[in-house]
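# Understanding the architecture of this molecule
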Amino acid sequence: MKNAVQTLIFAAVLGMASSTLLVTASLFTAPYQKANQKAEEIRNYLAALDAPVPENASAADLIAIFDRTIRQVERNGLECFEYRPDGADAPQAVAVAFAGPGVWGPIEGVMALEPDMETIRGIRFFKQEETPGLGSEISADFFLNRFKAKQIISSDGTPGFRVRKPGEAKGSNEVDGITAATMTSDRVGKMLDTLAKRIRED
Amino acid sequence: MNPTSPMVILVASILTNNILLAGFLGMCSFLACSTKIETAVGLGTAVTFVMVCTTTLNYLLYHYVLVPLELEFLAFILFIAVIAGFVQLVEMVMERFSPKLYHALGIFLPLITVNCAILGAALFMVIRNYNGIQSAAFGLGGGLGFLLAIVLMAGLREKMGYSNVPAPLRGTAVLMLITGVIAMTFMGFAGMITMQ
Amino acid sequence: MSDHHAQAKSSGCGGLCGGKCGSTIQDGVIKNNPIIHQVLGVCSALAVTSKLENALVMGAALVFVTAMSNAFVSLLRHLMPRRIRMIVEVAIIATFVIIFDQFLKAFYWDMSKQLGPYVGLIITNCIVMGRAEAFATQNPPLLSIVDGAANGIGYMIILALIAVFRELLGAGTLLGYTALSTAWYEPNVLLMLAPGAFFTAGFLIWIINALRGRKDV
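All names here are of chain B. In a regular helix each residue adds 1.5 Å, so 12 residues correspond to 16 Å; helix α7 (residues 116-127) covers 16 Å between its end C-alpha atoms and thus fits that length. With 10 of its 12 residues buried, α7 lies for the most part within the structure. Positioned one or two residues after α7, N129 has a phi angle of 60°, which is positive.

Rendered as structure tokens:
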């Protein structure tokens, strides 16, 4: 009996001590965690929009820039993020999010277009679990840079976008895929083709 | 919310995203209990059963207790407590009502509490934002994937009993290399199904 | 360095640590390196070894958790009721794992994302539990901290070795910086994938066994 009481007291005291420790840690870190969570997508939106961001900007800084320069609007049923740098009246760029299946898991990203809604300003993939070293290279700068100044309509005016075999991209709405990552490249191509058609036909 | 269909999650977690071969979870018991096919089947079955039940249970407790109370940081403790408690309960029920089943599977149950695959499944469920049905499918697929991998390994090890492995390679080293080959084989399933 | 430090501290604390620090460190880091010899904790070890940076952070987590939980288990070793010993140990370990995880999420968000569930899985890591059970319940707090840290460092070294090999040959980089130029080196992507981790670990254990001239079993 005495043992049982001792055990109970011990368990209660230990429980109290560790929960105090945990609650303290969590209260202390919670604001940083929330900001990080929010800043994650924002960072990618700003990068795709090519918005200038100070180096080593903290999560809170990014959120402030985003709130100040970006306005969320609906255009023909499409969620668009209009970018107005400080002082500009007309949107300087428009970002649209996209998503689709990858090889190992879902791929999510954002594409930014110039105000003409034809020319690609930048692109980012903020969620992907593609093969490390192959498909996951879609997030690497060398691949992202291939999209700059490309169009989401072909030269004869039909909307669409293609990711071709490496070295075969010729048209204004085509980019080279990644060597040895055919499946990821194909899927990204399909995703962007759908996006291009949605933007142009809506 | 994650839009992938439960069926896709089930198949993917058995083949392409095998919890052991692609996620490195449950290695300890995988190496320790794969000497005989019979043992491997027993452990694999027990893991599958416990994983389906605890993943679902953990899903319910996480989303209906911790999230409303904003106590998400307690998730690790909750998951491990649920797993330990559940295993203990199953052990008692089994011993009382089905001694035969207890003798076949019961000995594996204490091992399961410390099997990282079970805890890992619960953590993945949270990270990937699965809903209830998806969580159950993921638990089932994860367990079946573990069963498949450990039975394959046991089969190979039974055959390997007659081969002459160089001394420094014996034990863990050669098992790691074999697991690598099995993992490579499973990668062939990539692209067969897509997680959306 | 840490040896000296711990010894100096121990003499100040009434010889809590005694003269055993040196041998404790040596045991943990080299002689009884947890991964190689007890083949413990390999599961979570391999998943984070595709990049050296991740492996080092994971190692740091292990050092922190093992040292702290050893300290507390050791402090409580005379008070702890025997029947609930294991649960108490798990609760202490889980507390420190959560603290480390919260810290990562707050200040190293990207790293926390990359490590995913593997930080949480330290709770079921056999090394942490094993040291608490086998060492901390028998030894004074300071010596237990040294033991925990030494085992954590041993774990970190093995993880780092595997990660150096995988990142260098699999991506041609080290800590993110290009080490082998793609101009003349074609990265072997297999090493970045799961099978690469199994192969690397297998070969590493093989080499170590061969160097030690193992003849038994």
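What follows concerns the pattern of salt bridges. As enumerated under the stated definition, the model contains 13 salt bridges over all chains in all. For R121 of chain A, the salt bridge is made with E114 of chain A, and the minimal N-O distance between the two is 3.3 Å. Here R121 of chain A falls in the buried class, since its relative accessible area comes to 17%. Residue E89 of chain C pairs with R85 of chain C through a salt bridge whose shortest N-O separation is 3.9 Å. Taken together, the positions of E89 of chain C and R85 of chain C, both in helix α6 (residues 85-107) and 4 residues apart, correspond to about one turn of that helix. Look at R85 of chain C and you get buried, because its relative accessible area is 16%. If you follow the salt bridges from partner to partner, you end up with R162, R164, E168 and E174 of chain A in one network.

Right, let's talk about the packing of aromatic side chains for a bit. Throughout the structure, instances matching the rule amount to 25 aromatic pairs over all chains. Ring centres of F143 of chain A and F147 of chain A lie 5.2 Å apart, and the angle between their planes is 85°; this geometry places the pair in the edge-to-face category. Across the pair, exposure class does not vary: F143 of chain A and F147 of chain A are buried alike. Following the ring pairs from residue to residue traces out a cluster consisting of F28 and Y32 of chain A together with F64, F72, F96, F100, F103, F107 and Y108 of chain C. For the cation-ring pair, R96 of chain B lies above F97 of chain B, with the distance from its terminal atom to the ring centre recorded as 5.2 Å. Above the face of the F124 of chain B ring, R128 of chain B is positioned so that its terminal group lies 4.5 Å from the ring centre.

Moving on, we come to the interface of chain B and chain C. Between chain B and chain C, the residue contacts involve 38 residues of the former and 37 residues of the latter. When chain B packs against chain C, close to 3,100 Å² is buried across both sides, 83% of that on carbon and sulfur atoms. Counting the contacts that link chain B with chain C gives 2 residue pairs in polar contact (both at pLDDT 80 or more). When residues in the side of chain B that touches chain C are grouped by element, the largest group, 10 residues, is from helix α9 (residues 172-187) of chain B.

A separate point is the state of the cysteines. When the sulfur atoms of two cysteines share a covalent bond, that bond is a disulfide. One pass over the full model with this rule turns up 0 disulfides over all chains. Note on C53 of chain B: no disulfide assigned, nearest cysteine sulfur contributed by C116 of chain B at a separation of 19 Å.

With that settled, the discussion passes to the packing of helix α3 (residues 37-69) of chain B against α7 of chain B. All names here are of chain B. At their nearest, the axes of α3 and α7 sit 9 Å apart, and the two run at 40° to each other. The handedness of the crossing between α3 and α7 comes out as right-handed. On α7, the residues that touch V47, V50, M51, T54, T55, N58, Y59 and Y62 of α3 are A117, I118, A121, A122, M125 and V126. When its residues are assigned to classes, the contact of α3 with α7 shows 11 nonpolar, 3 polar and no charged.

Non-glycine residue E70 of chain B carries a positive phi angle of around 55°. Within the element layout of this structure, E70 of chain B appears in the loop between α3 and α4 (75-97). Given a relative accessible area of 59%, E70 of chain B falls into the exposed group. With a phi close to 55°, L175 of chain C is a non-glycine residue in the positive phi region.

So, on to a nonpolar patch on the surface. Taken together, F28 and Y32 of chain A together with F103, F107 and Y108 of chain C make up a surface patch of nonpolar side chains, about 530 Å² in accessible area. Counting only elements with at least two residues in the nonpolar patch, the list comes to α1 (2-48) of chain A together with α6 of chain C. Its location among the elements puts F103 of chain C in helix α6.

Our focus in this paragraph is the pairing of strand β1 (residues 70-75) of chain A. Residues and elements named next belong to chain A. In this structure, β1 lies alongside strand β2 (residues 78-83), joined through 6 bridges in antiparallel fashion. Counterpart to V73 in the pairing with β2 is C80. Connecting β1 to the next strand, β2, in antiparallel fashion are 2 residues, including N76 with a positive phi near 50°.

Glancing now at the interface of chain B and chain A. By a frequent convention, interface size equals the accessible area lost on bringing the separate parts together. Contact with chain B, which involves 13 residues of that partner, is made by 12 residues of chain A. Of the roughly 1,100 Å² buried at the junction of chain B and chain A (both faces included), carbon and sulfur atoms supply 67%. For the pair chain B and chain A, the interface holds 0 salt bridges. Taken together, the links from chain B to chain A amount to 0 residue pairs in polar contact (both at pLDDT 80 or more). Counted by class, the side of chain B that touches chain A contains 7 nonpolar, 5 polar and 1 charged residues.

Attention now goes to helix α9 (residues 141-171) of chain C. For α9 of chain C, which comprises 31 residues, the first-to-last C-alpha distance of 43 Å matches the rise-based estimate of 45 Å (1.5 Å per residue) to within 8%. Downstream of α9 of chain C by one or two residues, G172 of chain C has phi in the positive range, about 75°.

Turning our eyes to something else, we now look at the sheet that holds strand β3 (residues 93-101) of chain A. Residues and elements named next belong to chain A. Spatially, the 5 strands line up as an open sheet ordered β1-β2-β3-β4-β5, and their pairing is antiparallel. Every other strand in the sheet has two partners, leaving β1 and β5 (120-127) as the edge strands with one partner each. In this sheet, neighbouring strand axes are inclined to one another by 30° on average, regardless of whether the strands run parallel or antiparallel. Where β3 lies against strand β4 (residues 106-113), 8 bridges are found, and the strand directions are antiparallel.

Residues and elements named next belong to chain B. By secondary structure assignment, the location of T48 is in helix α3. Residue class for T48 comes out buried when judged on its relative accessible area of 9%. Sequence separation between T48 and A81 is 33 residues; the distance between their C-alpha atoms is 18 Å. Apart from the residues lying within four places of it in its own chain, the contact partners of T48 are L140, G143, L144 and L147.

Residue and element names in this part refer to chain B. In the predicted model, chain B carries a mean pLDDT of 86, and the fraction of residues at 70 or more is 95%. The least confident element of chain B is helix α6 (residues 109-113), whose mean pLDDT is 76; the most confident is helix α8 (residues 132-160), at 94. Across the whole predicted complex the pTM is 0.83, and at the interface the ipTM reaches 0.88.

Here is what the cut-offs are and how they apply
Residues numbered from 1 in each chain as written. Chains lettered and ligands numbered in written order. Predicted model: local features only at pLDDT ≥ 70, side-chain atom pairs only at ≥ 80, totals over all residues. Heavy atoms only, no water. Helix = DSSP H or I, 4+ residues; strand = E, 2+ residues; numbered from the N terminus. Expected span 1.5 Å × (residues − 1). Buried < 20%, exposed > 50% of the residue type's maximum accessible area, 1.4 Å probe, protein only. Salt bridge = Lys/Arg side-chain N within 4 Å of Asp/Glu carboxyl O. Phe/Tyr/Trp six-rings, centres within 6.5 Å; stacked < 30°, edge-to-face > 60°. Lys NZ or Arg CZ within 6 Å of the ring centre and 35° of its normal. Contact = heavy atoms within 4.5 Å. Buried area = accessible area lost by both parts, 1.4 Å probe. Polar contact = N/O pair within 3.5 Å; in protein donor to acceptor, adjacent residues only side chain to side chain. Disulfide = S-S within 2.5 Å. Axes fitted to C-alpha atoms, helices over the stretch in contact; angles between N-to-C directions. Left-handed = near helix turned anticlockwise from the far one by under 90°. Nonpolar A, V, L, I, M, F, W, Y, C, P; charged D, E, K, R; others polar. Patch = residues over 30% accessible without salt bridge, like charges linked within 9 Å, V, L, I, M, F, W, Y side chains within 5 Å. Areas by Shrake-Rupley, 256 points an atom, 1.4 Å probe, with all protein chains shown as cover. Pairing = 2+ DSSP bridges. pLDDT = per-residue confidence, 0-100.

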